[in-house]
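# Notes for the structure review
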Amino acid sequence: MRCAGDPCAIAGERGDSLSIREAVAIAHPNVALSKYWGKLEGPGNFPAVPSLSITLAGLTTRTRVRWRADLPDDRVVLDGHELRGPAAARAVALIERVRSKLGLAAKAEIESRNDFPTASGLASSASGFAALALAAAAPDGDWDAAHISDLARRASASAARSVFGGFVELDAGPVGANEEDFLPARQVAPPGHMPIVVLVCVTTEAPKAVTSTDGMRRTMAKSPYAAAWLDHAPRLHGRLRDALLSRDFEHVGELAEGSALAMHACALAAGVTYWNAGTLEALAAVRALRSSGTPAFATIDAGPHVKVLARPEDAARVREAMTAAPGVQRVIEATPGDGARLGSAAEGP
Ligand code: DP6
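For clarity, every value in this text was computed on a predicted model and none was experimentally measured.

Cut-offs used in this document
Residues numbered from 1 in each chain as written. Predicted model: local features only at pLDDT ≥ 70, side-chain atom pairs only at ≥ 80, totals over all residues. Heavy atoms only, no water. Near = heavy atom within 4 Å. Polar contact = N/O pair within 3.5 Å; in protein donor to acceptor, adjacent residues only side chain to side chain. Areas by Shrake-Rupley, 256 points an atom, 1.4 Å probe, with all protein chains shown as cover. Helix = DSSP H or I, 4+ residues; strand = E, 2+ residues; numbered from the N terminus. Nonpolar A, V, L, I, M, F, W, Y, C, P; charged D, E, K, R; others polar. Axes fitted to C-alpha atoms, helices over the stretch in contact; angles between N-to-C directions. Left-handed = near helix turned anticlockwise from the far one by under 90°. Contact = heavy atoms within 4.5 Å. Expected span 1.5 Å × (residues − 1). Bend = angle between axes of the 7 residues up to and from the residue. Buried < 20%, exposed > 50% of the residue type's maximum accessible area, 1.4 Å probe, protein only. pLDDT = per-residue confidence, 0-100. Pairing = 2+ DSSP bridges.

## A look at the site of the ligand
As a structural note, the neighbourhood of the ligand is formed by 19 residues, with Tyr36, Lys39, Ser156, Ser158 and Thr213 the closest of them. Note that an oxygen atom of the ligand is positioned 2.7 Å from one of the side-chain N or O atoms of Tyr36. Ala157 has a polar backbone atom sitting 2.8 Å from an oxygen atom of the ligand. Starting from 460 Å² of accessible surface for the ligand in isolation, the protein chains cover 95%. Elements represented by at least two residues in the shell around the ligand include exactly helix H4 (157–162) and helix H5 (212–222). For the shell around the ligand, a count of residues per class yields eight nonpolar, six polar and five charged.

## Some details on the packing of helix H1 (residues 86–102) against helix H3 (residues 145–155)
Each pair of packed helices gets described by two things: the angle between the helix axes and the distance between those axes. For the pair H1 and H3, interaxial distance at closest approach is 9 Å and the crossing angle is 145°. The way H1 lies across H3 gives a crossing that is right-handed. Contact residues: Arg90, Leu94, Arg97 and Val98 in H1; Leu151, Arg154 and Ala155 in H3. Partitioned by chemical class, the residues of the contact of H1 with H3 number four nonpolar, no polar and three charged.

## Considerations on H1
Structurally, the α-helix is built with 3.6 residues per turn, so residues lying three or four positions apart point the same way. In this model, H1 (17 residues) spans 25 Å end to end at C-alpha, consistent with the 24 Å of a helix rising 1.5 Å per residue. Along its length, H1 reaches its greatest deviation from straightness, about 25°, at Val92. Along H1, the residues that are buried comprise Ala88, Ala91, Leu94, Ile95, Val98, Arg99 and Leu102. Residues of H1 that are buried make contact with strand E5 (61–68), strand E6 (75–78), strand E7 (81–83), strand E8 (107–114), helix H2 (124–136) and H3. One or two residues past the end of H1 sits Gly103, with phi positive at roughly 65°.

## Quick notes on the side chain of Thr204
Here Thr204 is to be found in the loop between strand E11 (197–202) and H5. The contacts of Thr204, once residues within four sequence positions are left out, are Asn276, Pro304, His305 and Gln329.

## Description of the confidence of the model for the protein chain
Taken over all residues, the pLDDT of the protein chain has a mean of 91, while the share at 70 or more is 92%. Within the model, pLDDT remains below 50 along residues 1–19, and this stretch shows 45 contacts once partners closer than five positions in the same chain are excluded.

## Thoughts on the pairing of E6
Moving residue by residue along a regular strand, the side chains alternate between the two faces of the sheet. Alignment of E6 against E8, held across four bridges, turns out to be parallel. Following the sheet pairing, Leu78 is matched in E8 by Ser112. Where E6 and E7 come together, three bridges link them in antiparallel fashion. The residue of E7 that forms the bridge with Val76 is Leu83. Two successive antiparallel strands, E6 and E7, enclose a turn made up of two residues, where Asp79 displays a positive phi of approximately 50°.

## Notes on the environment of Lys35
When you line up the elements, Lys35 lands in the loop between strand E3 (30–34) and strand E4 (51–57). As for Lys35 and Ser259, which are separated by 224 residues in sequence, their C-alpha atoms are 6.2 Å apart. With sequence-adjacent residues up to four places away left out, Lys35 is seen in contact with Val49, Pro50, Ser51, Trp229, Ser259, Ala260, Met263, Thr299, Ile300 and Asp301. Polar contacts involving the side chain of Lys35 include one to the main-chain carbonyl oxygen of Ala32, which spans 2.7 Å. There is a polar contact of 2.7 Å between the side chain of Lys35 and the side chain of Thr299.

Below, the structure written as structure tokens:
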């Protein structure tokens, strides 16, 4: 396994690669600076717009995949709860793809744990499917990082980005995409490229009511601004990429906030609302920081939490202001981190 560069610590018989029975993978969520919102029509889960994210150290998913001949069906356990039916479908589809590629008969036992709220808009599907793709494909040493990323994208497009560390880009799908077209994410710049802190302001511990998949489907079907978003997003993405490569923190922040607000405005017009009162309070706190001369910028994914982008030297002040904002329950500090990696059995969930 060349994927993450780390030593492949897989328990089980060695020698015949297909006899490897168990692998642990560790991955981190990411926060998109330019947002993926909207898919190409047809199968394959291809994004309709390009996106660029930061993979976040400080929040972690740990996933173990055990291939077992004695299991009647694939089994998915997330944070100690067994997922059944539709809740497990994406994980099972990913496993099925690996099983058929490797010609395996065994069923997979998947166990995964997040150290942050699951399915609440903190990108647990990104880290979850990145870790699952890496752990599931571990028996086949031929899958490089790009192939792991393409595999993860099919389950959840943002997961393609969490396979890589630092600043990561995922193109829009190709025009007239076929299901089997290859579309991995790629690293634009390593974690140390531009000093930045992401303060995740948690505004509820509850799971979100509308998944991103449903939210973007409803947005594209119903929003009067869908065409405007699809036109605007790639141009904003290009500008953001340039600002990032020039290490222009303030321009990156302004564009990232603009991307999030445009995405949510487009969704809101279709009746898709992710914000709560704490989201608005947190946005007001970010604007107040800027008015008092501290460059801080907000971004919001498919959930009510506000992620504040700040320079490391301002992190303590921004954290204090955000902690004091009504409706902000706690603040998690993250910095650009590494991509998914295989871990030892002891690092498992
Ligand atoms: C708002 O990757 O969760 O976080 O591909 O349907 O699983 P699916 O969607 P998902 O969408 C993420 C949307 C977003 C923006 C982003 O991460 O780019």
